[in-house]
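So you can see what is in the structure, the chains are spelled out below.
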Amino acid sequence: MFKYTIKRLLQSVVTVLIVVTIVFLLMRLLPTDYYFTEEQLMKFTPEQKEAALDAAGLLDSIPEQLARYYGQILHGDFGQSRRIQSGVDVTAVVGSRFAVSMRLGIISLGISLVLGIFLGILQTRHKDRLMDHIGTAYTVFVNAVPPLVSYSLILVFGSQVLGFPAMYSTRNPGMSSVLPIVCLSLGSIAGYALWTRRYMVDEINKDYIKLARVKGMSNKSIMVKHVLRNAFVPLAQYLPASFLLTIGGSLLVERFFSVPGMGPLLTDAISKYDTSVVQTLVMFYASLGVIGVFLGDILMMIIDPRITLVDKGGTR
């Protein structure tokens, strides 16, 4: 376990480093004019442009720039935003957006887990009956209808019929968060219900469940002590990644409801050529991904101690 943890941590660091390096090099392939705002391009002389680029270190060789960037990361210096919020530290720009996305993400994830797993259990207990057909129809509907169409239906119904704010407002974050949270939860509920039902149905058909029934165990005991517990093991592997990526924001939902979160920030930074923000966000999302996978493996072993991630030779 210890060797596996150290190995995966090293792999995670290397993976994030590779992703960050590739993005850094790609951003350096952009023409230097993208470094300046439109106003600066009109006012600056060629000499002033060169002086500004030299002061920013963009005229140094690529290896020198990359080494300096690594050093800044190690010291927690991610630079300043030049276009999103000019002159503001990237950590402050990302931090303010992250707080909004995290609040919406945690609430929607909690709702998705409770309702999705509960729906999956109901479908399993009433397999091939009305409840199962309703759950299947919901899953098919969510996956078949384009997200923007379902979001539009929720927006119209929620605002016109139920009276919830149509757009997110920082002055009234409670009520204006309802519709974005509902939209964030829709797909996740269907996903958790689908996989919970699938894993539980697989467990029900196994020999040890038939043996438990022969021994006289009640259906409730079998579902709780055996079926649900064992079916939750493969599902648990994806929970940490789902949690971390959910709090990272949703591009479609946050853009649709004008939520000032993490979702639209990356596309805005790319469109405005804010290189410091782009590099920081890519590193942030890459870190969330690799950490989520790592924590998923650990959680799976905690739930089921029979699972081991290393063989006798010490490899996975």
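Residues numbered from 1 in each chain as written. Predicted model: local features only at pLDDT ≥ 70, side-chain atom pairs only at ≥ 80, totals over all residues. Heavy atoms only, no water.

By the naming in an unreviewed UniProt entry, the chain is ABC transporter permease, taken from Candidatus Fusicatenibacter merdavium. Among the UniProt annotations of the chain, the heading Sequence similarities (unreviewed entry) holds the following wording: "Belongs to the binding-protein-dependent transport system permease family." Regarding the chain, the relevant UniProt record gives this comment under Subcellular location (unreviewed entry): "Cell membrane". (UniProt positions renumbered as here; feature names shortened; annotations may be inferred.)

Enquirer: Explanation requested: the overall build of the chain in the structure shown.
Expert: A count of helices and strands for the chain gives 15 helices and zero strands. In terms of overall size, the chain is more extended than a compact globule, its C-alpha atoms giving a radius of gyration of 25 Å where 316 residues would be expected to give roughly 20 Å. The dimensions of the chain, computed from C-alpha atoms along their principal axes, are 85 × 65 × 30 Å. The 316 residues of the chain split such that 37% are buried. As presented, the chain carries roughly 17700 Å² of accessible surface, and 66% of it is formed by carbon and sulfur atoms. Charged side chains of the chain number 29 positive and 21 negative; the gap between the two group centres comes to 16 Å. (Helix = DSSP H or I, 4+ residues; strand = E, 2+ residues; numbered from the N terminus. Rg over C-alpha atoms; globule rule 2.2 N^0.38 Å. Buried < 20%, exposed > 50% of the residue type's maximum accessible area, 1.4 Å probe, protein only. Areas by Shrake-Rupley, 256 points an atom, 1.4 Å probe, with all protein chains shown as cover. Lys, Arg positive; Asp, Glu negative; His and termini not counted. Charge placed at Lys NZ, Arg CZ, Asp CG, Glu CD.)

Enquirer: What exactly am I supposed to notice about the pattern of salt bridges here?
Expert: Two side chains of opposite charge can pair, provided their charged atoms sit close to one another. If you walk through the whole model with that rule in mind, you get four salt bridges. Between Lys 127 and Asp 128 there is a salt bridge, with its nearest N and O atoms 3.1 Å apart. A relative accessible area of 38% means that Lys 127 is categorised as partly exposed. Note on Asp 128: relative accessible area 52%, which makes it exposed. Taking the shortest distance from any N to any O, the salt bridge between Asp 268 and Arg 255 comes out at 3.2 Å. Taken together, the residues span a long stretch of sequence, with Asp 268 in helix 14 (residues 263–271) and Arg 255 in helix 13 (residues 251–256) at a distance of 13 residues. With a relative accessible area of 42%, Arg 255 lands in the partly exposed category. (Salt bridge = Lys/Arg side-chain N within 4 Å of Asp/Glu carboxyl O.)

Enquirer: I'm lost on the UniProt feature "transmembrane region" (unreviewed entry) in the chain in this one. Help?
Expert: With numbering aligned to this structure, UniProt lists the feature "transmembrane region" (unreviewed entry) at residues 12–30, 104–122, 134–157, 177–195, 231–253 and 282–303. In this annotation, residues 177–195 is assigned 95% helix and 0% strand; the end-to-end C-alpha distance for the span is 27 Å. Between the C-alpha atoms that bound residues 282–303 the distance is 32 Å, and the span itself is 100% helix and 0% strand.

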